[in-house]
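Commentary on secondary and tertiary structure
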Amino acid sequence: MINMSNTKWTLDPTHSELGFKIKHLMISNVSGSFNKFQVEGETKGEDFTTAKIKLTADMDSIHTNNEQRDAHLRNADFFETDKHPKMIFESTNVEKIDGENFRLTGNLTLKDFSYPVILNVEFGGITKDPWGNERAGFTVSGKIKRSDWGIKFGLMEAGGAMLGDEVKIHSEVQLVKQTVAEAVAV
């Protein structure tokens, strides 16, 4: 028997954020975030090029610092959270670019549409907290076109737009390590 160690990583929600920005009237950005989300990952040892990542966000937890706008984002013009309560990202590939930068590819499912996206990941490192837990930190960024997921409110055909089509993603993620052993027969 060979004992191969997989490492499970779970989100520290108090030290993580899932945010976005979108152009408003094409002159400034409006920022928002999802207050409730989970990230689960598994790696071979601590090799993040082997990572399998799954993010699930509660769409009702959207927060833009404006209750009226948040309610509008939950309705049929945008996310239809009563019909589509979750946004899910599942990784398909992780490529190491250099010592601290990775390219994370995966499928983003939103409103019953699932499309591949590419995210840039900056690895902040691994450290132990004062209680002996190992933690890994990441900054994640990328861009998507919301129209790909059927969200077209505020886009105008004849040029100009109330809201941009491009959504910039920016997240800070802190994961806590838990080791699980798998026995593999030789």
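This structure is a prediction, so every number in the text was calculated from the model and none was measured. (Residues numbered from 1 in each chain as written. Predicted model: local features only at pLDDT ≥ 70, side-chain atom pairs only at ≥ 80, totals over all residues. Heavy atoms only, no water.)

A few words on the pairing of strand β5 (residues 47-58). Here strand β4 (residues 37-44) runs beside β5; their pairing, made up of 7 bridges, is antiparallel. What sits directly across from Glu-40, in β5, is Lys-54. Following β4, the chain reverses through 2 residues before pairing antiparallel with β5; Gly-45 in that reversal takes a positive phi of roughly 60°. Pairing geometry for β5 and strand β7 (residues 86-96), over 5 bridges, is antiparallel. (Pairing = 2+ DSSP bridges. Helix = DSSP H or I, 4+ residues; strand = E, 2+ residues; numbered from the N terminus.)

All right, on to the packing of aromatic side chains then. This structure, assessed with the given rule, holds 10 aromatic pairs. When the centroid spacing of 5.1 Å and the interplanar angle of 75° are considered together, the rings of Phe-48 and Phe-138 count as edge-to-face. Of this pair, Phe-48 sits in strand β5 while Phe-138 sits in strand β10 (residues 134-145), placing them 90 residues apart in sequence. There is no split in this pair, since Phe-48 and Phe-138 are both buried. Seen in terms of ring centroids, Phe-102 and Phe-123 are 6.4 Å apart; in terms of plane orientation they differ by 85°. Their pairing is edge-to-face. Of this pair, Phe-102 sits in strand β8 (residues 101-110) while Phe-123 sits in strand β9 (residues 113-128), placing them 21 residues apart in sequence. For the pair shown, Phe-102 and Phe-123 are each scored as buried. Taken together, the aromatic side chains of Trp-9, Phe-48, Phe-102, Phe-123 and Phe-138 make up a single cluster linked through ring pairs. (Phe/Tyr/Trp six-rings, centres within 6.5 Å; stacked < 30°, edge-to-face > 60°. Buried < 20%, exposed > 50% of the residue type's maximum accessible area, 1.4 Å probe, protein only.)

Computed from the structure, the largest pocket encloses a volume of approximately 1,000 Å³. Around the largest pocket sit 46 residues that line it, and Gly-19, Phe-20, Phe-34, Met-87 and Ile-169 are the ones nearest its centre. When residues of the lining of the largest pocket are assigned to their parent elements, the largest contribution, 6 residues, is made by strand β11 (residues 163-184). Across the lining of the largest pocket, the residue classes break down as 37 nonpolar, 7 polar and 2 charged. (1 Å grid on protein atoms, 1.4 Å probe; cavity = no way out; pocket = protein on both sides within 12 Å on 5 of 7 lines; lining within 4 Å. Points joined across faces, edges and corners; volume = space filled by probe spheres on them. Nonpolar A, V, L, I, M, F, W, Y, C, P; charged D, E, K, R; others polar.)

To continue, consider a nonpolar patch on the surface. A contiguous nonpolar surface patch, about 300 Å² in accessible area, is contributed by Leu-25, Ile-27 and Met-162. Position of Leu-25 among the secondary structure elements: in the loop between β2 (17-24) and β3 (28-34). (Patch = residues over 30% accessible without salt bridge, like charges linked within 9 Å, V, L, I, M, F, W, Y side chains within 5 Å. Areas by Shrake-Rupley, 256 points an atom, 1.4 Å probe, with all protein chains shown as cover. Salt bridge = Lys/Arg side-chain N within 4 Å of Asp/Glu carboxyl O.)

Structurally, the position occupied by Lys-8 is in strand β1 (residues 2-11). Using a relative accessible area of 33% as the deciding quantity, one classes Lys-8 as partly exposed. Along the sequence, Lys-8 and Asp-70 sit 62 residues apart, while their C-alpha atoms lie 34 Å from each other. Once residues within four sequence positions are removed from consideration, Lys-8 is found in contact with Gly-41, Glu-42, Val-176, Lys-177 and Gln-178. (Contact = heavy atoms within 4.5 Å.)

This paragraph deals with the nonpolar core. The nonpolar side chains of a soluble globular protein tend to be buried with one another. Ranked by internal contacts, the top residues of the largest apolar core, which has 40 residues, are Phe-34, Phe-79, Met-87 and Phe-138. Once you skip the residues sitting within four places of it in the chain, Met-87 turns out to touch Leu-18, Phe-34, Leu-55, Thr-56, Ala-57, Met-59, Leu-108, Thr-109 and Leu-110. (Core = buried A, V, L, I, M, F, W, Y, C linked by side-chain atoms within 4.5 Å.)

Within this structure, the stated rule accounts for 8 salt bridges. Measuring nitrogen to oxygen at the nearest pair gives 3.7 Å for the salt bridge that ties Glu-80 to Lys-83. Classification of Glu-80 by relative accessible area gives buried; the value is 16%. Lys-83 gets classed as exposed once you look at its relative accessible area, which sits at 57%. Bridged by salt links that share partners, the residues Asp-12, Asp-129 and Arg-135 form one connected network.

Read these as layout, nothing more, since geometry by itself doesn't imply function.
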